[in-house]
Amino acid sequence: MPELPEVETVVRDLRPLLEGRTILSARQSKKKLRRPWKPQWSAEVVGARVAGLRRRGKWILIDVASPTPPGPPSLKGRGEIGTRALCERFDSPNSDSPLPFRAGGVGVLRLHLGMSGQLTVVPKSEPEPDHLHLAFALDNETELRFRDHRRFGAAELFTDRAKLDAEMNAELGPEPFGIGASYFRDAVTGTKRNLKALLLDQTVVAGVGNIYADEALFRAKLNPGRTGASLSEDECERLRVAIEDVMTRAIESRGSTIRDYVGGSGLRGGFQNEFAVYGRTGEPCPACDAPIALARYAGRSSHFCRSCQPLAVSRQQKTARSRKR
DNA sequence: TCGGCCCTGGGG
DNA sequence: CCCCAGGGCCGA
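Remember, predicted model here, so these are calculated numbers, not experimental data.

Trainee: Teacher, can you tell me more about the overall build of chain A here?
Mentor: Along the backbone of chain A there are nine helices and ten strands. Taking the contacts inside chain A whose residues are at least 6 apart along the sequence as the reference set, 69% of them involve residues at least 24 apart. Of the roughly 15,800 Å² that chain A leaves accessible, carbon and sulfur atoms contribute 49%.

Trainee: Help me understand the protein's contact with DNA strand B in this model?
Mentor: As a structural note, the neighbourhood of DNA strand B is formed by K31, H131, H149, R150, R151, F152 and R259. Atoms of DNA strand B within 4 Å of the protein: sugar and phosphate make up 63%, bases the balance. The separation between a sugar or linking oxygen of DNA strand B and a polar main-chain atom of H149 is 3.4 Å. Here the surface near DNA strand B is built from residues that sort into one nonpolar, two polar and four charged.

Trainee: When you look at the pattern of salt bridges in this model, what are you seeing that I'm missing?
Mentor: A side chain of one charge can pair with a side chain of the opposite charge when the charged atoms of the two come close. Taken as a whole and judged by the stated rule, the model has 25 salt bridges. Between R161 and D165 there is a salt bridge, with the nearest N and O atoms lying 3.6 Å from each other. Linking R161 with D165, this pair stays in helix α4 (residues 161-171), spanning four residues, or about one helical turn. Note on R161: relative accessible area 35%, which makes it partly exposed. If you follow the salt bridges from partner to partner, you end up with E8, R12, R55, R56 and E175 in one network.

Trainee: Whenever I open this one, the packing of aromatic side chains confuses me. Can you help?
Mentor: The description of an aromatic ring pair rests on the distance of the ring centres and on the angle between the ring planes. Summed over the entire model, instances satisfying the criterion amount to six aromatic pairs. Each ring, one from Y212 and one from F271, has its centre 5.9 Å from the other, and the planes form 40 degrees; the classification is tilted. In this pair, Y212 sits in helix α7 (residues 210-220) while F271 sits in the loop between α8 (233-252) and β9 (292-297), placing the two residues 59 residues apart along the sequence. According to the relative accessible area criterion, Y212 is buried, its value standing at 0%. For F271, a relative accessible area of 0% corresponds to the buried category.

Trainee: Could you clarify how one ought to interpret unusual backbone geometry in this entry?
Mentor: Glycine aside, residues mostly have negative phi angles, and peptide bonds mostly take the trans form. Despite not being glycine, H131 shows a phi value in the positive range, around 60 degrees. Among the secondary structure elements, H131 is positioned in the loop between β5 (117-123) and β6 (132-137).

Trainee: What is the right way to read the environment of A26 from this model?
Mentor: Looking at where A26 falls in the secondary structure, it is placed in strand β1 (residues 25-28). Considered as a pair, A26 and R219 are 193 residues apart in the sequence and their alpha carbons are 44 Å apart.

Trainee: What is the right way to look at the packing of helix α1 (residues 4-18) against α8 in this model?
Mentor: Two numbers describe a pair of packed helices, the interaxial angle and the distance between the axes. It is at 9 Å that the axes of α1 and α8 come closest, and there the two elements cross at 40 degrees. Here α1 lies oblique to α8, going by the angle between them. The interaxial crossing formed by α1 with α8 has right-handed handedness. The segment α1 lies against α8, with L4, P5, E8, T9 and R12 engaging M247, A250 and I251. Counted by class, the contact of α1 with α8 contains five nonpolar, one polar and two charged residues.

Trainee: Honestly, the sheet that holds β6 in this entry has me stumped. Any pointers?
Mentor: Backbone hydrogen bonds hold the strands of a sheet together, and the pairing may be parallel or antiparallel. Reading across the sheet, the four strands line up as β1-β6-β7-β5 and stay open at both edges, with antiparallel pairing between neighbours. Pairing within the sheet leaves two strands with one partner each, and these edge strands are β1 and β5. Across the sheet, the axes of successive neighbouring strands diverge by a mean angle of 15 degrees, strand direction being ignored. The pairing of β6 with strand β7 (residues 142-148) spans five bridges and is antiparallel. Following the sheet pairing, L134 is matched in β7 by F146. Along the sheet, α1 makes contact with β5 and β7, crossing β5 at roughly 30 degrees.

Definitions and cut-offs
- In every chain, residue numbers begin from 1 and rise along the written sequence.
- To read the labels, note that chains go from A and ligands from 1, taken in the order they are written.
- Whole-chain, interface and lining totals are the exception, using all residues; otherwise, since this is a predicted model, local features are given only for residues with pLDDT of at least 70 and side-chain atom pairs are given and counted only at 80 or more.
- Only hydrogens and water are removed before side-chain values are computed, so all heavy atoms of the structure are retained for them.
- The numbering of helices and of strands both runs from the N terminus, where a helix is a DSSP run of H or I of at least 4 residues and a strand a run of E of at least 2.
- The contact criterion used throughout is that any non-hydrogen atoms of two residues lie within 4.5 Å.
- Residue-level accessible areas treat just the shown protein chains as cover; the underlying method is Shrake-Rupley with a 1.4 Å probe.
- We call a residue near a molecule or strand when any one of its heavy atoms sits within 4 Å of it.
- Here a polar contact is taken to be a pair of N or O atoms separated by no more than 3.5 Å, where protein atoms must pair a possible hydrogen donor with a possible acceptor and residues adjacent in sequence count only if both atoms sit in side chains.
- Residues are sorted three ways: Asp, Glu, Lys and Arg are charged, Ala, Val, Leu, Ile, Met, Phe, Trp, Tyr, Cys and Pro are nonpolar, and all the rest, Gly among them, are polar.
- Within this document, salt bridges are pairs made up of a side-chain nitrogen of Lys or Arg and a carboxyl oxygen of Asp or Glu, the two lying within 4 Å of each other.
- We call a residue buried when its accessible area falls under 20% of the maximum for its residue type, exposed when it is over 50%, and partly exposed in between, using a 1.4 Å probe and counting protein chains only.
- Centres within 6.5 Å are what make two rings of Phe, Tyr or Trp a pair, Trp counting through its six-membered ring; a difference in plane orientation under 30 degrees is then read as stacked, over 60 as edge-to-face, and the rest as tilted.
- Here, axes are lines fitted to C-alpha atoms. For helices the fit covers the stretch in contact, and angles between N-to-C directions go from 0 to 180 degrees.
- When an angle is under 35 degrees it counts as roughly parallel; over 145 it counts as roughly antiparallel; between 65 and 115 it counts as roughly perpendicular; any other value is oblique.
- The crossing is said to be left-handed when, going from far helix to near helix, the turn is anticlockwise and less than a right angle, and right-handed when the turn is clockwise.
- Strand pairing follows a simple DSSP-based rule, namely that at least 2 bridges must link the two strands.

Next comes the structure, spelled out in structure tokens:
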């Protein structure tokens, strides 16, 4: 489901709700995610303070100050948490004594929303939804909930932040904002893969998924089936700008909600109302009224305008060009 | 480099 | 029943 704009919206929503808060207890469902949360991680994060929220590509990164290992003995090796003693010990608003964190100890909670993940902060009184996988209590009234009905998501805890960042930078390309023009041109023209596959490849640019690949290709007036190697320098630049542009606009609209997606406080996105091509098969192209076409590239549905995004330069265009010269 | 697969649920 | 879905991994 969620691509970069949706994940960014979740992070922005949750930042003020989570930063500085202490995780008081944790519980998890029995069903496994694609990358499952290990029960021992619950014990490790309880008592930890949320130091910050970040996004890298489609990944959500929650930096937490590690709980102290010596802590209360009852904490160790417990999968099930949530005792009153913990609440009182760590959440006393009057206590300004520093929490017993290991010096310099930092961990990162890394989440991926897969196709159907939702990460929200809600009142505990809200009825528990289906497919809830993880819940972290923040105080007596509020909890952070991660649900994912298709279970393609991921929730993991890493202890070495620098190592995790290095690993992610090795696996992911640059963020779509301010991509170097020469980097992008080389990445595109150096392969015979088609443009749709290129945009979906997280090592080329991080964060683009099926919706925004189609929308960016429409804005750049490029056919998803074109090979990277076939692009001119000018076309590469159009695509680079289109990606940045569509991502920026989508974030401004709080992402797109088609089925499941909600932001960190449960709000739906709004960019689905601005789709030019995605999910609009057969409807008129916003630029030329030709019906939007549907084809399959890189195993994914691809929506585009055959007239605005021609696969090959048409005879008419060739003629027009030669006349110009 | 590509299809198949991991899941659940909704719609035709 | 069939096919489809904002993603990504793994094996031919």
